[in-house]
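In case you want the letters, here they are:
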Amino acid sequence: MDTLKKFELMEKIVRELEDLQHSQQAIIQKIGKIEVDNIDLGDKKLDKDLPDMHQRVADNLDSIVDILAYFADKTQNFGNKNNVDALKEQQAINEVTGH
């Protein structure tokens, strides 16, 4: 795999991890809303299970945040080390000139 394609794939993974992070945050918010609604309802199963579910999702979010920080940094370092901006410029020139 050439350097530019590898960098583009790494950037795609960073975007997917960001999307995953946002999804997990949305799930935590939804669980929180259900927990609040259940305060009035008082369903025992929800009282018992929702806090554990909330914690598991929060733990997953922490893992995603750690992985995202690591991989975004790795992607940036790879881009800097391999002068990806210059490679992108050269690719654009090649496309225009037909090379």
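All residue numbers refer to positions counted from 1 along the written sequence of the respective chain. Totals for whole chains, interfaces and linings use every residue, but because this is a predicted model, local features are given only for residues with pLDDT of at least 70 and side-chain atom pairs only at 80 or more, for both listing and counting. Excluded from the side-chain calculations are hydrogens and water; all other atoms, namely the structure's heavy atoms, are used.

**Some words on helix H1 (residues 3–41)**
One turn of the α-helix equals 3.6 residues, which is why residues spaced by three or four share an orientation.
Inference 1: Strands are runs of DSSP state E lasting at least 2 residues, helices are runs of H or I lasting at least 4, and numbering of each runs from the N terminus. In a helix, the anticipated span is given by 1.5 Å times the number of residues less one. For H1, spanning 39 residues, the distance from its first C-alpha to its last is 57 Å, which sits close to the expected 57 Å at 1.5 Å a residue.
Inference 2: When accessible area is computed with a 1.4 Å probe and restricted to protein chains, residues below 20% of their type maximum are described as buried, those above 50% as exposed, and intermediate ones as partly exposed. Residues of H1 that are buried: Leu4, Phe7, Met10, Val14, Leu17, Gln21, Gln24, Ile28, Ile31, Gly32 and Asn38.
Inference 3: In this description, contact between two residues means that some pair of their heavy atoms is separated by no more than 4.5 Å. Where the residues of H1 are buried, they touch helix H2 (44–81) and helix H3 (84–97).
Inference 4: Polar contact is defined as a pair of N or O atoms within 3.5 Å, subject to the rule that within protein one atom must be able to donate a hydrogen and the other to accept it, and that residues adjacent in sequence are counted only when both atoms are side-chain atoms. Of the residues that open H1, the one with a side-chain oxygen 3.1 Å from the backbone nitrogen of Leu4 is Asp2.
Inference 5: Positive backbone phi, at 75°, marks Gly42, one or two positions downstream of H1.

**Overview of a nonpolar patch on the surface**
Inference 1: Like charges are joined within 9 Å and nonpolar side chains (Val, Leu, Ile, Met, Phe, Trp, Tyr) within 5 Å, but only among residues with over 30% relative accessible area and no salt bridge; these make up the patches. Method for areas: the Shrake-Rupley scheme with a 1.4 Å probe, in which residue coverage is limited to the protein chains shown. By definition, a salt bridge exists where a carboxyl oxygen of Asp or Glu is found within 4 Å of a side-chain nitrogen of Lys or Arg. Together, Met1, Leu9 and Ile13 give the surface a local cluster of nonpolar side chains, amounting to about 310 Å² of exposed area.
Inference 2: Relative to the helices and strands, Met1 is located in the segment before H1.
Inference 3: The exposed category is assigned to Met1, whose relative accessible area is 74%.

**Observations regarding H2**
Inference 1: Here H2 is 38 residues long and its end C-alpha atoms lie 56 Å apart, about the 56 Å a rise of 1.5 Å per residue gives.
Inference 2: The angle between axes fitted to the seven-residue stretch ending at a residue and the seven-residue stretch beginning at it gives the bend at that residue. When the local axis directions of H2 are compared, the greatest deviation, roughly 25°, occurs at Leu50, which is followed within four positions by the proline Pro51.
Inference 3: By the burial criterion, the buried members of H2 are Leu50, Val57, Ala58, Leu61, Ile64, Leu68, Phe71, Thr75, Phe78 and Gly79.
Inference 4: Where H2 is buried, its residues contact H1 and H3.
Inference 5: Sitting at the head of H2, Asp43 places a side-chain oxygen 3.1 Å from the backbone nitrogen of Lys45.
Inference 6: The first or second residue beyond H2 is Asn83, which carries a positive phi of 50°.

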